[in-house]
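This is what each chain is made of:
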Amino acid sequence: MQRLRPFTRKYVLDLAVGLLVLVAMVETVARRDSPIPPLAPLWFALLALAILVVAIFARHWFPFAGPAAYWTLAAGIAFIDWSLLTFPVSLFAVGLAVSFLLGNQRDARKAWLGLAVVLIGANVVVFRIPDSTVAELIFIPIEFAISWLAGFVLRGSVERAETAEELTVRLEREREANALRAVVEERTRIARELHDIVGHSVSVMTVQASGVRRLLRPEQQGEREALLAVERTGREALAEMRRVVGALRDPDEDPSLTPQPSLTRLDTLVDQARETGLPVDLEVEGEPVPLPGGVDLTAYRLVQEGLTNAIKHSAAQRADVRVRYDDDHVEIEVVDDGRGVDGSAPPAGGIGLVGMRERVSIYGGELEAGPRPEGGFRLRARLPVST
């Protein structure tokens, strides 16, 4: 719906003008038996009206030439059949709309030139009417000039509205691009972190297979070959992972030698937040259970992001962190009393709500984030224990 609004505003005048000309066509056909019908053949009348509509629609590509062509064509048609333009009542409203467009030109010089086009075209049409009076030659063009004046007066406000609309569309596109960039960056970060997790597991598996193989007796040749295949496959898998994920790493980034973050290190994270001056209360409910590496890392990142937002972006005075374990899920909740954050784009140095949603969705979890009715911001995620 938001994308349809600019389209509707842009073409609403075209739709109105098209409808008025369509009414004029129907009136021209239906009233051919009237006392003073159009003099030209019906096919010419309909074709002329259609050409006038095309001239108006051309304003999207030729803002001045399109409306000016309408009055130029109208003056030319008046020399062929004066009644064609005066017979349908709806064409008078079309003439007013086109006069408004000529007055609404961004270039003031073109707008004043448009006034001359309106006055000359209207005078030619009125002059071609048999028995037209001097008053009609004066006041009918003045009516179109008044419509031109309205367009000229509103020229600045319309220009500002169009500029604001263009800015809104550009900002929306930038917002979507930033969100997409955040997703790509977060997926890259996840891939690097999962490489470390999976790589460690595969390395342990390969080392254990090698250790078991060395303990086999000489007659256990079949078992030895099976374990050799496991070792070979593990080493090949590690090599492929390093090649693929290595392309995702920043060339200037040094390999991380620290252990992967985990909920077991949550106390350290909370202490770091307290050192910044933010009082943080940590509560763990249920019996902690071993979590898959990716889920454990995601849970830690969620708490980290929630506390980062509370410290840097929401001006919070207090934060509460709760971790709840049950048989199937682990639930993370970070609540603060700040003003909340705009999570549509990642803050500097953080992953933002876009990145958090990406992480949670990978493991089939649920994420809720937003301001609380009583004030502050609440981040809640529910992740499955087994993946």
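Before reading on, note that the structure itself is shown above.
All residue numbers refer to positions counted from 1 along the written sequence of the respective chain. Local features in this predicted model are restricted to residues whose pLDDT is 70 or higher, and side-chain atom pairs enter the listing and the counts only when it is 80 or higher, whereas totals over whole chains, interfaces and linings include all residues. With hydrogens and water excluded, all non-hydrogen atoms of the structure serve as input to the side-chain values.

1. Digging into the overall build of the protein chain
Step number 1: Starting at the N terminus, helices and strands are each numbered in turn, a helix being any DSSP run of H or I of at least four residues and a strand any DSSP run of E of at least two. Counting its secondary structure elements, the protein chain contains twelve helices and five strands.
Step number 2: Going through the 387 residues of the protein chain one by one, you find that 40% of them count as buried.
Step number 3: Under the convention used here, a 1.4 Å probe and the Shrake-Rupley method define accessible areas, while residue burial counts only the protein chains that appear. In the structure as shown, the protein chain presents an accessible area of about 22,100 Å², 61% of it carried by carbon and sulfur atoms. Relative accessibility under 20% of the residue-type maximum defines a buried residue, over 50% an exposed one, and the middle range a partly exposed one, all with a 1.4 Å probe and only protein chains included.

2. A short note on the pairing of strand 3 (residues 329-336)
Step number 1: Burial analysis of strand 3 places seven of its eight residues in the buried class, the great majority of the element.
Step number 2: Two strands pair under a simple rule: DSSP has to find at least two bridges between them. As judged from the seven bridges shared by strand 2 (residues 319-325) and strand 3, these two strands associate in the antiparallel manner. Of the residues in strand 3, the one forming a bridge with Ala319 is Asp336.
Step number 3: Connecting strand 2 to the next strand, strand 3, in antiparallel fashion are three residues.
Step number 4: Taken together, the eight bridges between strand 3 and strand 5 (residues 377-384) define a ladder with antiparallel strand orientation. Residue pairing in the sheet places Val335 in a bridge with Arg378 of strand 5.

3. Quick look at the nonpolar core
Step number 1: The biggest cluster of nonpolar side chains holds 36 residues, and the ones touching the most others in it are Val21, Tyr70, Trp71, Leu85, Leu91 and Val94.
Step number 2: At the level of elements, helix 1 (4-30), helix 2 (42-57), helix 3 (65-80), helix 4 (83-86), helix 5 (90-103), helix 6 (108-127) and helix 7 (134-153) are the ones that each hand at least two residues to this core.
Step number 3: Residue contributions to this core peak at seven residues, all from helix 2.
Step number 4: Here, two residues are considered to be in contact whenever any of their heavy atoms come within 4.5 Å of each other. Leaving out residues up to four positions away in the same chain, Leu85 has contacts with Leu52, Ala74, Ile77, Ala78, Leu91 and Val125. The definition of a nonpolar core used throughout is a set of buried Ala, Val, Leu, Ile, Met, Phe, Trp, Tyr and Cys residues joined through side-chain atoms within 4.5 Å.

4. Digging into the sheet that holds strand 2
Step number 1: Within the open sheet, the five strands sit side by side as 1-2-3-5-4. Their pairing is mixed. Each of the sheet's edge strands pairs with one partner strand only, and the pair in question is strand 1 (280-285) and strand 4 (366-371). Mean inter-strand twist for the sheet, computed between neighbouring axes without regard to direction, equals 5°.
Step number 2: Contacts from helix 10 (residues 266-275) reach strand 1 and strand 2 within the one sheet, and its direction differs from that of strand 1 by about 165°. Angles run from 0 to 180 degrees between N-to-C directions of axes, and those axes are lines fitted to C-alpha atoms, restricted for helices to the stretch in contact.

5. Details of helix 10
Step number 1: Among all positions of helix 10, only Leu266, Leu269, Val270 and Ala273 are buried. Considered in projection along helix 10, the buried side chains sweep an arc of 95° and stay on one side of the axis.
Step number 2: Elements that come into contact with the buried residues of helix 10 comprise strand 1, helix 11 (293-312) and strand 2. In this context, the arc is that of the directions from the helix axis out to the C-beta atoms.

6. Focus: the pattern of salt bridges
Step number 1: Think of a salt bridge as a Lys or Arg side-chain nitrogen and an Asp or Glu carboxyl oxygen that are within 4 Å of each other. Enumeration over the complete set of coordinates arrives at 15 salt bridges.
Step number 2: Between Glu331 and Arg324 there is a salt bridge; the shortest N-O distance is 2.5 Å.
Step number 3: Here Glu331 falls in the buried class, since its relative accessible area comes to 11%.
Step number 4: Among the ionic pairs, Glu368 bridges to Arg378, the shortest N-O distance being 3.5 Å. Of the two residues, Glu368 sits in strand 4 while Arg378 sits in strand 5, which places them ten residues apart along the sequence.
Step number 5: Its relative accessible area of 38% is what places Glu368 among the partly exposed residues.
Step number 6: Of the residues examined, Arg378 reaches a relative accessible area of 27% and is grouped as partly exposed.
Step number 7: Salt bridges sharing partners connect three or more residues here, namely Glu283, Glu285, Arg322, Arg324, Asp326, Glu331, Glu333, Glu368, Arg378, Arg380 and Arg382.

7. So, unusual backbone geometry
Step number 1: Of note in this structure, Asp131 is not a glycine but carries a positive phi near 65°.
Step number 2: Its location among the elements puts Asp131 in the loop between helix 6 and helix 7.

8. Considerations on empty space enclosed by the protein
Step number 1: Lining residues are those with an atom within 4 Å of a point, where the points come from a 1 Å grid over the protein atoms alone and group into cavities, where a 1.4 Å probe fits but cannot get out, or pockets, open sets with protein on both sides within 12 Å along at least five of seven lines. Grid points are joined across faces, edges and corners, and a volume is the space filled by probe spheres set on the points. Within this structure, the stated rule accounts for one cavity of 30 Å³ or more.
Step number 2: If you add up the space inside the largest cavity, you get close to 40 Å³.
Step number 3: Lining the largest cavity are Gly306, Asn309, Val334, Asp336, Phe377 and Leu379.
Step number 4: Amino acids outside the nonpolar list (Ala, Val, Leu, Ile, Met, Phe, Trp, Tyr, Cys, Pro) and the charged list (Asp, Glu, Lys, Arg) are all regarded as polar, and Gly is one of them. For the lining of the largest cavity, the per-class residue count stands at three nonpolar, two polar and one charged.

9. A short note on the packing of aromatic side chains
Between two aromatic rings, the relevant description is the distance of the centres plus the angle of the planes.
Step number 1: Only rings of Phe, Tyr and Trp enter the pairing, Trp through its six-membered ring, and a pair is recorded when the two centres are within 6.5 Å. The plane angle decides the type: under 30 degrees is stacked, over 60 is edge-to-face, the rest tilted. Within this structure, the stated rule accounts for seven aromatic pairs.
Step number 2: Residues Trp71 and Phe144 carry aromatic rings whose centres are separated by 5.0 Å and whose planes lie at 80° to one another, so their mutual orientation is edge-to-face. In this pair, Trp71 sits in helix 3 while Phe144 sits in helix 7, placing the two residues 73 residues apart along the sequence. The pair Trp71 / Phe144 is uniform in exposure class, with both members buried.
Step number 3: Between the aromatic rings of Trp112 and Phe152, the centroid separation amounts to 5.4 Å while the plane-to-plane angle is 55°, which identifies the pairing as tilted. Of this pair, Trp112 sits in helix 6 while Phe152 sits in helix 7; the two residues are 40 residues apart in sequence, bridging distant segments of the chain.
Step number 4: Counting every residue linked through ring pairs, the aromatic cluster contains Tyr70, Trp71, Phe92 and Phe144.

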